[in-house]
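A closer look at the structure
Each chain, letter by letter, is given below.
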Amino acid sequence: MNDLLLWLCLLGPVLLAEGLLARYEVMAYGAGWRAPVTELPEGVPYARGAAPDSPPAAYVVYLDGIGKRRVRDTRDGGRLVEAVLAGAPELRVLGQVQPYSPLADPLADRPVWAWLRHHVGLVLFLHNVMQIFVAADHRYRPLYNRAVGSQIATQLRLAGYSPGSGIPVVLLSYSGGAQVATGAVDALHTRLGCPLLLITLGGFHNGANDLTHAAHVHQLTSASDRIERVGTWIFPQRRRLFRRSGWNRARRAGKITVHRLDPATHLGPRSYISPVGLLPDGRSYLDHTADTVIALVRAFHGATAQTNEPLPGGH
């Protein structure tokens, strides 16, 4: 009991500080106090995969979970990106977007946070967790969506995307990255006019964002994913009762397809992106997920190439 009280006393002020810092960043963006970061560190490409001198089949933007704190990929996210690139070299993949920073400022590169990373690593995760809830808060959500949507659009253009080209853009999100992906739809539609596909992997999001301008949403999930289930429990807009939420309107429009990746879990050796755990067919969970993602992207590219415009739903 005493240990629990000690942890509560320690975490309480930290959570309060994180909540204030998370709000400060989105307010700093809105007030124009700081300009979003656009340049990448030396040696970091704006995209990997298909050569930029010829149009790729699609641009895939990977939005990582709460472990994302620098421009370079996290360990698990990097494995998924590499698996997608290995299986579909015709794609151009961006992994540098900072889903939990409206200013596109990598957390681990800030001096104070670099010190904390070595001494109190949990604080970095708490920061990104709080950013998810700021992004979901109705008071800050429109500004947060515009900030990160603009960040994604800028990175796509720097990676060679030409607005109005008709080349599909895929937002591949893991866990909390789904909150950012669903929120970026309107900004990408406005700034790039692109056919837009969303693929959520264990998506943790509030279901409030408008998905009208998304061609389709593929929800990759598992009955063993407890974290995604927590999201559907704490965010009422994900429940069918809230018929006017963005998620439920998209569901009724036939824009959401659920794909079961059972028995994958959200984290651990049987997670969606684990190279260790094996399925009965001999593939790893990572290979299964990457194969599913590639098949969905290729199907969307094929359908978009035939119509040369975003699909009204499905593939």
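See above for the structure.
Conventions adopted
Residues numbered from 1 in each chain as written. Predicted model: local features only at pLDDT ≥ 70, side-chain atom pairs only at ≥ 80, totals over all residues. Heavy atoms only, no water. Helix = DSSP H or I, 4+ residues; strand = E, 2+ residues; numbered from the N terminus. Buried < 20%, exposed > 50% of the residue type's maximum accessible area, 1.4 Å probe, protein only. Areas by Shrake-Rupley, 256 points an atom, 1.4 Å probe, with all protein chains shown as cover. Phe/Tyr/Trp six-rings, centres within 6.5 Å; stacked < 30°, edge-to-face > 60°. Axes fitted to C-alpha atoms, helices over the stretch in contact; angles between N-to-C directions. Parallel < 35°, antiparallel > 145°, perpendicular 65-115°, else oblique. Left-handed = near helix turned anticlockwise from the far one by under 90°. Contact = heavy atoms within 4.5 Å. Nonpolar A, V, L, I, M, F, W, Y, C, P; charged D, E, K, R; others polar. Pairing = 2+ DSSP bridges. Patch = residues over 30% accessible without salt bridge, like charges linked within 9 Å, V, L, I, M, F, W, Y side chains within 5 Å. Salt bridge = Lys/Arg side-chain N within 4 Å of Asp/Glu carboxyl O. Expected span 1.5 Å × (residues − 1). Core = buried A, V, L, I, M, F, W, Y, C linked by side-chain atoms within 4.5 Å.

Focus on the overall build of the protein
On a plain count of helices and strands, the protein comes out with 10 helices and 7 strands. Looking at the protein as a whole, 54% of its 315 residues qualify as buried. By element, 59% of the accessible surface of the protein is carried by carbon and sulfur atoms, the whole surface being about 14300 Å².

Considering the packing of aromatic side chains
This structure, assessed with the given rule, holds 2 aromatic pairs. Centre to centre, the rings of tyrosine 59 and tyrosine 161 are 5.2 Å apart; their planes meet at 80 degrees, and the pair counts as edge-to-face. Here the residue tyrosine 59 occupies a position in strand β2 (residues 58-63), and tyrosine 161 occupies one in the loop between α5 (141-158) and β4 (169-174), the gap between them amounting to 102 residues. A relative accessible area of 2% places tyrosine 59 in the buried class.

Observations concerning the packing of α5 against helix α7 (residues 185-192)
The contact between α5 and α7 brings their axes to 8 Å, and the two run at 45 degrees. With respect to α7, the axis of α5 lies oblique. For the element pair α5 and α7, the recorded crossing hand is right-handed. The residues of α7 that touch α5, namely those facing Asn145, Gly149, Ser150, Ile152, Ala153, Thr154, Leu156 and Arg157, are Ala187, Leu188, Arg191 and Leu192. Residues that form the contact of α5 with α7 fall into these classes: 6 nonpolar, 4 polar and 2 charged.

Thoughts on the pairing of strand β3 (residues 91-94)
Residues of β3 alternate between two faces, with Leu91 and Val93 on one and Arg92 and Leu94 on the opposite face, all of them buried. Relative to β3, strand β1 (residues 48-49) is paired through 2 bridges, and the arrangement is antiparallel. By the bridge assignment, glycine 49 is partnered in β3 with arginine 92. As defined by bridge partners, β2 adjoins β3 across 4 bridges and the pair is classed as parallel. Note on β3: the bridge partner recorded for valine 60 is valine 93.

Some details on a nonpolar patch on the surface
On the surface, Val230, Trp233 and Ile234 cluster together into a nonpolar patch covering about 310 Å² of accessible area. Mapped onto the elements, isoleucine 234 comes out in helix α8 (residues 226-234).

Topic: α5
In this model α5 runs 26 Å from its N-terminal to its C-terminal C-alpha over 18 residues, within 8% of the 26 Å that 1.5 Å per residue would give. What α5 keeps buried is the set Arg141, Tyr144, Asn145, Ala147, Val148, Gly149, Ser150, Gln151, Ile152, Ala153, Gln155 and Leu156. In the stretch just after α5, glycine 160 is the one whose phi turns positive, near 110 degrees.

A closer look at the environment of glycine 49
Within the fold, glycine 49 resides in strand β1. Using a relative accessible area of 49% as the deciding quantity, one classes glycine 49 as partly exposed. A sequence separation of 40 residues divides glycine 49 from proline 89, and the C-alpha atoms of the two residues are 5.5 Å apart. The contacts of glycine 49, once residues within four sequence positions are left out, are Leu85, Pro89 and Leu91.

A short note on unusual backbone geometry
Most of the time, phi is negative for any residue but glycine, and the peptide bond is trans. For the bond from aspartate 262 to proline 263, the omega torsion is 0 degrees, close enough to zero to count as cis. Considering the arrangement of structural elements, one finds proline 263 in the loop between β7 (256-260) and α10 (285-307).

A few points about the side chain of threonine 221
Mapped onto the elements, threonine 221 comes out in strand β6 (residues 216-221). Under the relative-accessibility criterion, threonine 221 is labelled buried at 7%. Residues within four places of threonine 221 in sequence aside, it is in contact with Glu228, Val258, His259, Arg260, Leu261, Asp262 and Tyr272.

A closer look at the nonpolar core
Nonpolar side chains in soluble globular proteins generally cluster together in the buried interior. Of all hydrophobic cores here, the largest spans 38 residues; its most connected members are Ile152, Leu156, Leu171, Leu188 and Leu198. Secondary-structure elements contributing two or more residues to this core are β2, α4 (121-136), α5, β4, α6 (177-183), α7, β5 (196-201) and α9 (246-252). The leading source of residues in this core is α5, at 5 residues. Once you skip the residues sitting within four places of it in the chain, leucine 188 turns out to touch Gly149, Ile152, Ala153, Leu156, Leu171, Gly193, Cys194 and Leu196. Counting residues in hydrophobic clusters, the runner-up holds 33 residues, among them Val81, Ala88, Leu261 and Val297.

A closer look at the sheet that holds β1
Taken in spatial order, the 7 strands line up as β1-β3-β2-β4-β5-β6-β7 in an open sheet, and their pairing is mixed. In this open sheet, the two strands that pair with only one neighbour each are β1 and β7. In this fold α5 packs onto β2, β3 and β4, with an angle of close to 135 degrees to the strand it touches most, β2.

Some details on the pattern of salt bridges
In total, this model carries 6 salt bridges according to the counting rule given. The residue aspartate 210 makes a salt bridge to arginine 249 at a minimum N-O spacing of 3.4 Å. Highlighted residues: aspartate 210 in the loop between β5 and β6 and arginine 249 in helix α9, separated in sequence by 39 residues. Judged by relative accessible area, arginine 249 falls into the partly exposed class, the value being 36%.

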